[in-house]
Amino acid sequence: MRTLTLRELNRATLARQLLLRRHRLTVTRALERVAGVQAQWPPSPYIGLWSRVEGFRADDLTRTIARRHVVKATLMRSTLHLVSARDYLSYAGIYRERRMGELQRQLSALGEEADLEAEGERLASLAAERPRARPELLAALGRPKLDIEDRRPWFVWFALSARAGLIHGPSASAWRSHTAGGTFVPARTWLGADGATGDAALEHLVRRYLAAFGPASGADISQWTGLPLSVVRAGLERLVLRSFRDELGRELYDLPRAALPPGHTPAPARLLARFDSLVLSHDDRRRVISDEHRAAVIEGGEVRATFLVDGFVAGTWALEGGRVKIEPLGPIPRSSRREVEDEAGRLEAFVRASGRA
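The paragraphs below set out a description of the structure included in this document. (Residues numbered from 1 in each chain as written. Predicted model: local features only at pLDDT ≥ 70, side-chain atom pairs only at ≥ 80, totals over all residues. Heavy atoms only, no water.)

Moving on to the packing of helix H10 (residues 199–213) against helix H12 (residues 229–236). Two numbers describe how H10 lies on H12: the axes approach to 8 Å, and their chain directions differ by 90°. Considering the angle they form, H10 stands roughly perpendicular to H12. Of the residues in H12, those touching H10 at Leu-202, Val-206 and Leu-210 are Val-231, Val-232, Ala-234, Gly-235 and Leu-236. Per-class residue counts for the contact of H10 with H12 are seven nonpolar, one polar and no charged. (Axes fitted to C-alpha atoms, helices over the stretch in contact; angles between N-to-C directions. Helix = DSSP H or I, 4+ residues; strand = E, 2+ residues; numbered from the N terminus. Parallel < 35°, antiparallel > 145°, perpendicular 65-115°, else oblique. Contact = heavy atoms within 4.5 Å. Nonpolar A, V, L, I, M, F, W, Y, C, P; charged D, E, K, R; others polar.)

Attention now moves to helix H7 (residues 134–141). Those residues of H7 not exposed but buried are Leu-137, Leu-138 and Leu-141. The buried residues of H7 occupy an angular sector of 100° when projected down its axis, which confines them to one face. Of the exposed residues in H7, those oriented more than 90 degrees away from the buried face are Pro-135 and Ala-139. The inward-facing, buried residues of H7 abut helix H6 (116–129), strand E4 (132–133), helix H8 (151–164) and strand E6 (183–186). Just downstream of H7, Gly-142 is the residue with a positive phi angle, here 75°. (Buried < 20%, exposed > 50% of the residue type's maximum accessible area, 1.4 Å probe, protein only. Arc of directions from axis to C-beta.)

Moving on, we come to the packing of aromatic side chains. Following the criterion strictly, the structure yields 10 aromatic pairs and no others. Centre to centre, the rings of Tyr-91 and Tyr-95 are 6.5 Å apart; their planes meet at 75°, and the pair counts as edge-to-face. Placement of the pair is Tyr-91 and Tyr-95 together in helix H5 (residues 85–109), with a separation of four residues, close to one helical turn. The two residues Tyr-91 and Tyr-95 agree in class, both being buried. Feature note: the residues Tyr-46, Trp-50, Phe-56, Trp-175 and Phe-350 constitute an aromatic cluster, connected by ring pairs. (Phe/Tyr/Trp six-rings, centres within 6.5 Å; stacked < 30°, edge-to-face > 60°.)

Under the criterion given, the structure shown has 35 salt bridges. A salt bridge links Arg-337 to Glu-341; the shortest N-O distance between them is 3.0 Å. One end of the pair, Arg-337, and the other, Glu-341, are both in helix H14 (residues 334–353), four residues apart, so they sit about a helical turn from each other. What emerges from the salt-bridge pattern is a single network uniting Arg-29, Glu-32, Arg-86, Asp-87 and Arg-208. (Salt bridge = Lys/Arg side-chain N within 4 Å of Asp/Glu carboxyl O.)

Once that is clear, we can look at the nonpolar core. Among the nonpolar cores identified, the biggest contains 53 residues, and Leu-49, Phe-56, Leu-61, Phe-307, Trp-317 and Leu-347 are the most heavily contacted of them. The dominant element in this core, judged by the number of residues it contributes, is H14, at five residues. Not counting the four nearest positions on each side in its chain, Trp-317 is found in contact with Ile-47, Leu-271, Leu-272, Ala-273, Ala-305, Thr-306, Phe-307, Val-324, Lys-325, Ile-326 and Leu-347. Ranked by size, the runner-up nonpolar core spans 34 residues in total, among them Ile-94, Trp-190, Leu-202 and Trp-224. (Core = buried A, V, L, I, M, F, W, Y, C linked by side-chain atoms within 4.5 Å.)

We now examine the sheet that holds strand E12 (residues 306–309). Strand order in the open sheet formed by four strands is E9-E12-E13-E14, and the pairing between neighbours is antiparallel. Every interior strand has two partners, whereas the edge strands, strand E9 (270–272) and strand E14 (323–328), have only one. Going from strand to strand, the sheet's axes swing by 35° on average, the running direction of each strand aside. Relative to strand E13 (residues 312–320), E12 runs antiparallel, the two being bridged by four bridges. Along E13, the bridge assignment pairs Leu-308 with Val-313. H14 rests against E9, E12, E13 and E14 of the sheet, and its axis sits at about 150° to E14. (Pairing = 2+ DSSP bridges.)

Turning our eyes to something else, we now look at H10. Between its first and last C-alpha atoms H10 spans 21 Å; for 15 residues at 1.5 Å apiece the expected length is 21 Å, and the two agree. Among all positions in H10, only Ala-201, Leu-202, Glu-203, Leu-205, Val-206, Arg-208, Tyr-209, Leu-210, Ala-212 and Phe-213 are buried. Packing partners of the buried residues in H10 comprise helix H1 (6–16), helix H2 (27–33), H5, helix H11 (218–225), H12 and strand E8 (251–254). (Expected span 1.5 Å × (residues − 1).)

The subject of this paragraph is the packing of H6 against H8. Axis separation between H6 and H8 bottoms out at 8 Å; the angle between their running directions is 70°. Between H6 and H8, the angle falls in the class roughly perpendicular. Crossing angle aside, the handedness with which H6 passes H8 is right-handed. Facing Leu-116, Glu-117, Glu-119, Gly-120, Glu-121, Leu-123 and Ala-124 of H6, the residues of H8 in contact are Val-156, Trp-157, Ala-159, Leu-160, Ser-161, Arg-163 and Ala-164. Class assignment for the residues of the contact of H6 with H8 results in eight nonpolar, two polar and four charged. (Left-handed = near helix turned anticlockwise from the far one by under 90°.)

Of note, Glu-32 is situated in helix H2. A polar contact is formed between the side chain of Glu-32 and the side chain of Ser-84, at a distance of 2.8 Å. Non-local contacts of Glu-32, meaning those with residues more than four positions away in its chain, are made with Ser-84, Arg-86, Asp-87 and Arg-208. (Polar contact = N/O pair within 3.5 Å; in protein donor to acceptor, adjacent residues only side chain to side chain.)

Looking at the largest pocket, its volume works out to about 890 Å³. In this structure, the largest pocket is lined by 38 residues; those nearest its centre are Leu-80, Arg-134, Phe-158, His-168 and Phe-184. Looking at the lining of the largest pocket, the elements that each hand over two or more residues are strand E2 (70–74), H5, H7, H8 and strand E5 (166–168). (1 Å grid on protein atoms, 1.4 Å probe; cavity = no way out; pocket = protein on both sides within 12 Å on 5 of 7 lines; lining within 4 Å. Points joined across faces, edges and corners; volume = space filled by probe spheres on them.)

Most of E2 is tucked away: four of the five residues are buried. Note that E2 and strand E3 (residues 80–84) share five bridges and pair antiparallel. Along E3, the bridge assignment pairs Thr-74 with Leu-80. In sequence, E2 turns back onto E3 through a hairpin of five residues, with Arg-77 there showing a positive phi of about 60°.

Here's what the structure looks like:
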């Protein structure tokens, strides 16, 4: 069994994440290639696609969402992602079922015994009439506004929205500086069906992961999907795979004929958005970020925006007044610093062209 070095794993992941070069792809196809993008911070999908797609403009994503080719939903690890409508319909039911079960257990522990199934159907009917904001939907159900100090109403809302099969309406994906706002609509209304569940859905999800992040271990797949390792193994068993080992002897799985560039393949400087899946997609994240830098990037529920030098996280950045401020995590060669600054200048131009400066 071939052993892959850390640099080979790095280059394989960068190639599949469209980060060795920008690609000429539609937004929908790019999102399928990279298994979706994180969408907790509203600008993240725009910056993530700009880093990966040649000639990408913010309006390209806005139009694709309005045409219902791409949707924003709570999926992997119960976090917000933008994925293609095809992918949502192929596996999202896995997460809907798991969320309903987990939230029902949490509500029972809090003494909440309401008939959420009937109320969830009512919520779906209300949201099907037109995309509606959460306060409007709660008021229509006769439920109070959510209070950050009281967990129970939040769990009720999450459980009801899962039962109703709600996804985010187009306004929720607008590029804005804050996370509040947006509307909801049932997937069965917006896309014509709810997301699939079952063995075929699990197979599709695991295949998407390996195509976007492989070669990878079962623990890596479990980390990204948020599913137990036993469930991940059931998905792996349905696929025809090739196997490798990493330098620590762990078995890695991969799709036949998936890209495996040499470890010496040049990797350009790239700026990644907050919560970018590249730094969250593996249990062993050393293929993209060293252990010594990890705490400076990932803290609690926050994942800072980063930049890559020679394929690895070398620092963080922030957008301040339309300018990109670079913060290296250690010494950077002068030529690499210039490359990062050039990429930062291109991002500033993209932000200005998008009317977000």
